[in-house]
Amino acid sequence: MTFAPFEKLSRIITISLGITAVAYAIAEFDLANLTPLLAALFLFAAVVAPRASIPLPDTDIALTFSDACIYLAFLFYGGPTAILFAGIETTANCIYLYRRGFKFQKLMVPFNIALNIVSFTGAYLVWSILPTTSLVTGTYGSAQHLIVTLGVISVLHFVIASSLLSFIRAKNRLSEAYRSWRRDFSSRAMMHIVGAGLAALVYMLAIYGDVLTAVISAFGIGIVYFSYRRSVRDLKEAMSETERVQKEKSETERARRKEAEIHAEELAASLESQERANLALRKSEQDFQHAALHDALTGLANRKLFHEKLLARIAKYRNDNSAVYHVLFLDLSRFKNINDSLGHTIGDKVLSIAARRFLRLVTPSDTVARLGGDEFAIVLKGPSTAAKAKKVAQRIHASISQPFSLSGNRISVTVNIGIAPADMEYTMPEEVLRDADIAMNFAKAQREGVALFTKDLRTKFLERVRLEMDLSHAIDRGELSMSYQPLVRIADGKLLGFESLLRWNHSEFGNIPPARFIPIAEDSGLIIPITKWILRETTEQMAEWRKISAKTSDLVVSVNISGKHLSSEDLAYDIEYALERSKLAAEGLKLEITESTAMENPEFTLKLLKELKRLGVLLSLDDFGTGYSSLSILHKLPFDTIKIDRSFVSGVGPNGEDSEILQTIVSLAKNLRMKVIAEGIETQAQLSVLQHLGCDYGQGYLLAKPMTAAKAEEALYEGREWMPFSHGDSQPRTSLLKIDRTDASIF
Ligand code: C2E
Ligand code: MG
Ligand code: MG
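Criteria and cut-off values
- Residues numbered from 1 in each chain as written.
- Chains lettered and ligands numbered in written order.
- Predicted model: local features only at pLDDT ≥ 70, side-chain atom pairs only at ≥ 80, totals over all residues.
- Heavy atoms only, no water.
- Near = heavy atom within 4 Å.
- Polar contact = N/O pair within 3.5 Å; in protein donor to acceptor, adjacent residues only side chain to side chain.
- Areas by Shrake-Rupley, 256 points an atom, 1.4 Å probe, with all protein chains shown as cover.
- Helix = DSSP H or I, 4+ residues; strand = E, 2+ residues; numbered from the N terminus.
- Nonpolar A, V, L, I, M, F, W, Y, C, P; charged D, E, K, R; others polar.
- Pairing = 2+ DSSP bridges.
- Axes fitted to C-alpha atoms, helices over the stretch in contact; angles between N-to-C directions.
- Donors = N, O, S within 2.8 Å, 3.2 Å for Na, K, Ca; no water.
- Buried < 20%, exposed > 50% of the residue type's maximum accessible area, 1.4 Å probe, protein only.
- Patch = residues over 30% accessible without salt bridge, like charges linked within 9 Å, V, L, I, M, F, W, Y side chains within 5 Å.
- Salt bridge = Lys/Arg side-chain N within 4 Å of Asp/Glu carboxyl O.
- Phe/Tyr/Trp six-rings, centres within 6.5 Å; stacked < 30°, edge-to-face > 60°.
- Lys NZ or Arg CZ within 6 Å of the ring centre and 35° of its normal.

Asks: Teacher, can you tell me more about the site of ligand 1 here?
Replies: Looking at ligand 1, there are 22 residues lining it, with Glu-499, Asn-560, Asp-622, Glu-682 and Tyr-701 nearest. Contacts to ligand 1 include Asp-623, whose side-chain N or O atom sits 3.2 Å from an oxygen atom. In this structure, Glu-679 approaches ligand 1 through a side-chain N or O atom, which is 3.0 Å from an oxygen atom. Relative to its unbound accessible area of 780 Å², ligand 1 is 85% covered by the protein chains. If one sorts the elements of the shell around ligand 1 by residue count, strand S11 (residues 495-506) sits on top with four residues. For the shell around ligand 1, the per-class residue count stands at nine nonpolar, five polar and eight charged.

Asks: So what exactly am I meant to see when it comes to the sheet that holds strand S5 (residues 375-381) here?
Replies: In space, the five strands of this open sheet follow the order S4-S5-S3-S8-S9, with mixed pairing throughout. Among the strands making up the open sheet, the edge pair consists of strand S4 (367-372) and strand S9 (450-452). Taking the axes of each pair of neighbouring strands and ignoring which way they run, one obtains an average angle of 20 degrees across the sheet. Across five bridges, S4 lies against S5 in antiparallel orientation.

Asks: What am I meant to see in the coordination of the magnesium ion (ligand 2) here?
Replies: For a metal with four tetrahedral donors the ideal donor-metal-donor angle is 109.5 degrees, whereas six octahedral donors ideally subtend 90 or 180 degrees. Distances from the magnesium ion (ligand 2) to its protein donors, Glu-499 (OE), Asn-560 (OD1), Glu-592 (OE) and Asp-622 (OD), fall at 2.0 to 2.2 Å. In primary-sequence terms, the residues that donate to the magnesium ion (ligand 2) follow E-x60-N-x31-E-x29-D. Between the magnesium ion (ligand 2) and the magnesium ion (ligand 3), both coordinated by Asp-622, there is a metal-metal distance of 3.8 Å. Taken as a pair, Glu-499 in strand S11 and Asn-560 in strand S13 (residues 556-561) lie far apart in primary sequence, 61 residues in all. For Glu-499, a relative accessible area of 4% corresponds to the buried category.

Asks: I tried to follow a nonpolar patch on the surface on my own but got confused; where do I start?
Replies: A cluster of nonpolar residues, Phe-42, Leu-43, Phe-44, Val-47 and Val-48, forms a patch on the protein surface that exposes about 410 Å² of accessible area. Structurally, Phe-42 is set in helix H2 (residues 36-51). The class of Phe-42 is partly exposed, set by a relative accessible area of 38%.

Asks: Would you mind going over the packing of aromatic side chains with me for this structure?
Replies: If you walk through the whole model with that rule in mind, you get 15 aromatic pairs. The interplanar angle of 70 degrees and the centroid separation of 5.0 Å between the aromatic rings of Phe-358 and Phe-376 together place this pair among those described as edge-to-face. Here Phe-358, found in helix H13 (residues 344-360), pairs with Phe-376, found in strand S5; they are 18 residues apart in sequence, far enough to count as distant. Per residue, the accessibility class of Phe-358 equals that of Phe-376, and both read buried. Among the aromatic residues, those joined into a ring-pair cluster are Tyr-71, Phe-74, Phe-120, Tyr-124 and Trp-127. One residue, Arg-11, lies across the ring of Phe-111, its end atom 4.3 Å from the ring centre.

Asks: Hey, could you run me through the coordination of the magnesium ion (ligand 3) in this one?
Replies: Protein-derived ligands of the magnesium ion (ligand 3) are Asp-622 (OD), Asp-623 (OD), Glu-679 (OE) and Glu-679 (OE), with the metal-ligand distances lying across 1.8 to 2.7 Å. Sequence spacing among the residues donating to the magnesium ion (ligand 3) works out to D-D-x55-E.

Asks: Which parts of the structure should I look at to understand the environment of Pro-529?
Replies: Along the chain, Pro-529 turns up in helix H18 (residues 527-545). A residue is classified by how much of its surface remains accessible, and Pro-529, at 41% relative accessible area, is partly exposed. When the C-alpha positions of Pro-529 and Asp-574 are compared, they lie 9.9 Å apart, and in sequence the two are 45 residues distant.

Right under this line is the structure:
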């Protein structure tokens, strides 16, 4: 740091003034003053005083004996000596401070020395020219005079020194000088006053006291001095201890604050994670609730939710009959086939597509549910009439029937829909669903797609349920029996064998026609155990009959096999078992499979038929002409015979008219290199037509009605004729036929 020009100049002036003052003091110095006391005072001022300062706690001020030395010199030896002491005292202090490592700036030491000299000289000169009255100062030598003199000198000394320094530092600005003086020096007046006091005390002791008093006083002052220093040290220690404690305390507080902050942060984080956990919990609760009430695959309501919604609708309708509703029961037909042939993944996709189509065709206030498997249900809120509800159902039916592509497969599904309209008698959802289900089964049976529930349907359904239950016990109760209908070679009336036809003589209702109970047996799955029983009965029967005569030894018994049994894996085994048990040769058994069953899944049929063929049994395609066969598939299937459906035979009129279709079918069968059997021959005309068409075999009331086993056996023993015309008469009794047999080969 360098001084500004003004300050530098001021300092140089002060130093010059100091030199002048010293010159003046030396000039005025009385050599008589050179006494041992002066030497002692000098030593004290130069050596002891700088070291004997007492710092005032919490200030940068220290009480020193230096000023006291100046004032003592003044009292004992006059102003000029005191001026020199002012210089000596400051020089000693600077040297002492320098030794303790204080760094003085340039001109600082001479300036400080000069300042003290100049200010004391000023004070001395002002004091010497002050008019003195004994009133103020007291008589010379009195304590009052001493105090006034020292008071004036010390105050002037202080005022001049501090004002000068403030002025120099404030760079000539008076207001700033005053502020600086008040800030930096006002408190230092104490130092001078204390110094003056000390000087006065020492002076008075030296002048008025005896040596003993002086020694005792000096001792006392010493004790006071040392105990004061001690107490100052203690005070300092106590203060630094307090400071340390405070620091520690604030550090502890800071640490605590920090800890609290960390804690708060941790708390916030834990609250946040708790909140997150709560959210996740709430979400998983919602998911759980959703999962509990919805179908996972389609996202539709599940049975439970459907139950709740329908229950609410029923209750509402019972309170207010204008709150109409309709329940639709939907069952995808042949869905099992899709699952079996294309796999469950495709099956699942089909269900999802169906669900989406259902949703598209209803309103948001309706409830669409998947009840399980391929069964769905819808609560329609509102169509005011059953006819309107039926229209909605028909739209759904039409939409589902639209084929679609999935993984390269062209898939078409159909749905059967039963509708149950709201009714006051319903109290529980199961009752409504049951009736919608009845209607759905009716729609399926009638191949109508959509059916409306009526009470009449329920009666029929209950009957059916009753029959199903009774049928399950029919074998055990001995109510089932086999009827046998001869199959005859048309050309010569030779008996080929019999078709076995199941009869049920119900203990309560009497004979129930197969057309009524066979579908029930098929739907319920009872057909499989029943067919096993039939296979046993018929194979044993035929094995018996084959033994009657040479003529009967190659007879064949035909057994009707239902589609249900065909798709079960047990069929081949059941047949093998029956043949083994009865010891009937395999070619003595023919299996009749309807065309519609065979064509349901042609690949599967082909595989199965090949397996059955390996057993050696014969195969017949029943009810041919009703099942939309694909010719490309038909010729691959290993059937031995084709049975033309009765409807084509009965279509031939009494004069042989309308036989074109029959002719076509016979030709087709021949081209497929299969033997042809015509069913349902009731008239001579029909027989004649078939004869002329070259049909191989015939079956019908005209030839023989189905008969009991006993009757058939009787006929076998009798060697009965089966043709309604005599042998050798190869012409039919009617001469209605004018069919050119070459015309028949149209394929
Ligand atoms: P299906 O296999 O086509 O049997 C021929 C049906 O035609 C028999 O009826 C037979 O009595 C009848 N029928 C034969 N000739 C004539 C005729 O000249 N005129 C008329 N109107 N009908 C004639 P049924 O016994 O009532 O059997 C009906 C259907 O029930 C059978 O048709 C067959 O599909 C099924 N069925 C009968 N028995 C069994 C059986 O043991 N198992 C299985 N799975 N189905 C059977
Ligand atoms: Mg048959
Ligand atoms: Mg048939």
